[in-house]
Amino acid sequence: MSVFPRIAVVIPCRNDAPYLEECLQALAAQTRRPDEVIVVDNVSTDDSADVARRHGARVITEPLVGIWPAAARGYDEARGFDLIARLDADSRPHRDWVARIAQAFAADPDLGVLTGGSEFYGATPLVRYLGDHWYIGGGTFWVKQWLGVPLVFGSNFAMRSRVWERVRDQVERTNPIIHDDLDLTIHLRPSDGVRYDPDLRMPVSARPFARPSALLRRVWRVVPTFAASWPEGSPWHRAHEAQSARPLRAGDITWPRDDAPAPGNRR
């Protein structure tokens, strides 16, 4: 009989009190409540920390401003749990989000990371479509082709604590100008058991697409993200690493013939 894992939800937050209020309300309405909610206050000047405490979340302060520093600090604080789930302050999880995550990991011990898609809200139908299908959908497709594992969507994923333990000193966790979720994906391997579930969808604000310049800035951050870990993020490096880690098979070993000369002897 599967034992359901203990889950901590990490939410990096900087000056997002109104969004955070609704996110925490959605978490409180889950059919399976998380065991702990950790809000990482990234030097907010609004009442984000007060909102988090009012909803019973544990508040951690990360003084280095940036998504990666804040998210990584939250993951460190959640290392005593079986699963580390991640939302952003503007995420609005469906009522069964935590339950679906718990069931998926309980059913598959080889599952290390589970991620899903997006449902953007707060914009025109065209903007929402481009966000879902071009920005997130396109990134999911191309990253899988490039890296061999699905793109981890930072607003909607969960990982086993053991995965974070393996990569926490490899990722660019103090770099505030790169995509934290893409950088995490770059350091994952097929052996980590990374799965994309198209039915695990997350409503999230479309505010990054409010202006073309904001969208282009987010797309451009892909370049420094790959540059920060180059050549580890290259397909040839990953293929070589995977081949080196592959266990030996019977066909890989060439046994000497019975009539072969002994080493050092010549016929």
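Above: the structure in question.
Figured I'd write up the structure that's included with this text.

Cut-offs and rules
Numbering of residues begins from 1 in every chain and follows the order in which that chain's sequence is written. Note on the predicted model: pLDDT of at least 70 is required for a residue's local features to be given, and 80 or more for side-chain atom pairs to be given and counted; whole-chain, interface and lining totals, by contrast, use all residues. Processing note: side-chain calculations cover all non-hydrogen atoms of the structure and skip hydrogens and water entirely. Here, nonpolar core refers to any group of buried Ala, Val, Leu, Ile, Met, Phe, Trp, Tyr and Cys residues whose side-chain atoms link them within 4.5 Å. Type-normalised accessible area, obtained with a 1.4 Å probe on protein chains alone, sets the label of each residue: buried when under 20%, exposed when over 50%, and partly exposed for intermediate values. Runs of E in the DSSP output that reach at least two residues are strands. Runs of H or I that reach at least four are helices, and both are numbered from the N terminus. In what follows, residue pairs with any heavy atoms lying within 4.5 Å of each other are defined as contacts. Definition used for salt bridges: Asp or Glu carboxyl oxygen within 4 Å of a side-chain nitrogen of Lys or Arg. Whenever two N or O atoms come within 3.5 Å, that pair is a polar contact, provided that in protein one can donate a hydrogen and the other can accept it, and provided that, for residues adjacent in sequence, both atoms are side-chain atoms. The pairing test for Phe, Tyr and Trp rings, Trp by its six-membered ring, is centres within 6.5 Å, and the orientation test on the planes gives stacked under 30 degrees, edge-to-face over 60, and tilted for anything in between. Two strands pair under a simple rule: DSSP has to find at least two bridges between them. In this description, a line fitted to the C-alpha atoms serves as the axis of each element, helices being fitted only across the stretch in contact, and the angle between N-to-C directions of two axes falls anywhere from 0 to 180 degrees.

1. Focus on the nonpolar core
Right, on to step 1. Counting 31 residues, the largest nonpolar core has Ile11, Leu20, Leu24, Leu27, Val39, Trp97 and Ile101 as the members making the most contacts within it.
Right, on to step 2. Secondary-structure elements contributing two or more residues to this core are β1 (7-13), α1 (17-28), β2 (36-41), α2 (48-54), β4 (83-86), α4 (97-107) and β7 (194-205).
Right, on to step 3. Here this core gets 6 residues from one element, more than from any other, and that element is α4.
Right, on to step 4. Setting aside anything within four residues of it in sequence, one finds Ile11 in contact with Leu20, Cys23, Leu24, Leu27, Val37, Ile38, Val39, Val40, Leu87, Asp88 and Ala89.

2. Some words on the pattern of salt bridges
Right, on to step 1. Per the counting criterion, the structure on display carries 19 salt bridges.
Right, on to step 2. Linking Arg92 and Glu22 is a salt bridge whose minimum nitrogen-to-oxygen distance equals 3.2 Å. On the criterion of sequence distance, the pair formed by Arg92 in the loop between β4 and α4 and Glu22 in helix α1 is long-range, its members being 70 residues apart.
Right, on to step 3. Given a relative accessible area of 14%, Arg92 falls into the buried group.
Right, on to step 4. Taking relative accessible area as the criterion, Glu22 reaches 44% and is therefore assigned partly exposed.
Right, on to step 5. A salt bridge links Arg173 to Asp76; its shortest N-O distance comes to 2.5 Å. With a gap of 97 residues between them, Arg173 in the loop between α6 (161-167) and α7 (180-186) and Asp76 in helix α3 (residues 67-77) connect regions that are remote in the sequence.

3. Digging into the side chain of Asn42
Right, on to step 1. When you line up the elements, Asn42 lands in the loop between β2 and α2.
Right, on to step 2. For Asn42, a relative accessible area of 4% corresponds to the buried category.
Right, on to step 3. A polar side-chain atom of Asn42 sits 2.9 Å from the main-chain carbonyl oxygen of Glu62.
Right, on to step 4. At 3.0 Å, the side chain of Asn42 and the backbone oxygen of Leu64 are in polar contact.
Right, on to step 5. The contact partners of Asn42, leaving out residues within four places of it in the chain, are Cys13, Arg14, Glu62, Leu64, Val65, Gly66 and Ala70.

4. Considerations on the packing of aromatic side chains
Right, on to step 1. The final tally for this structure, using the stated rule, is 4 aromatic pairs.
Right, on to step 2. Judged by centre distance (6.3 Å) and plane angle (80°), the rings of Tyr75 and Phe157 are edge-to-face. One end of the pair, Tyr75, is in helix α3; the other, Phe157, is in strand β6 (residues 157-160), and 82 residues separate them in sequence. Note on accessibility: Tyr75 and Phe157 belong to one class, buried.
Right, on to step 3. An aromatic cluster is defined as three or more aromatic residues linked by ring pairs; in this entry it consists of Trp68, Tyr75, Phe157 and Trp164.

5. Quick word on the sheet that holds β7
Right, on to step 1. Reading across from one edge, β3-β2-β1-β4-β6-β5-β7 is the order of the 7 strands in this open sheet, with mixed pairing throughout. Every other strand in the sheet has two partners, leaving β3 (58-61) and β7 as the edge strands with one partner each. Strand-to-strand twist of the sheet, defined as the mean angle between neighbouring strand axes without regard to direction, takes the value 25°.
Right, on to step 2. Across 6 bridges, β1 lies against β2 in parallel orientation. The residue bridging Ala8 from the neighbouring strand is Glu36, located in β2.
Right, on to step 3. Against the sheet, α1 engages β1, β2, β5 (113-121) and β7, with an angle of about 170° to β1.

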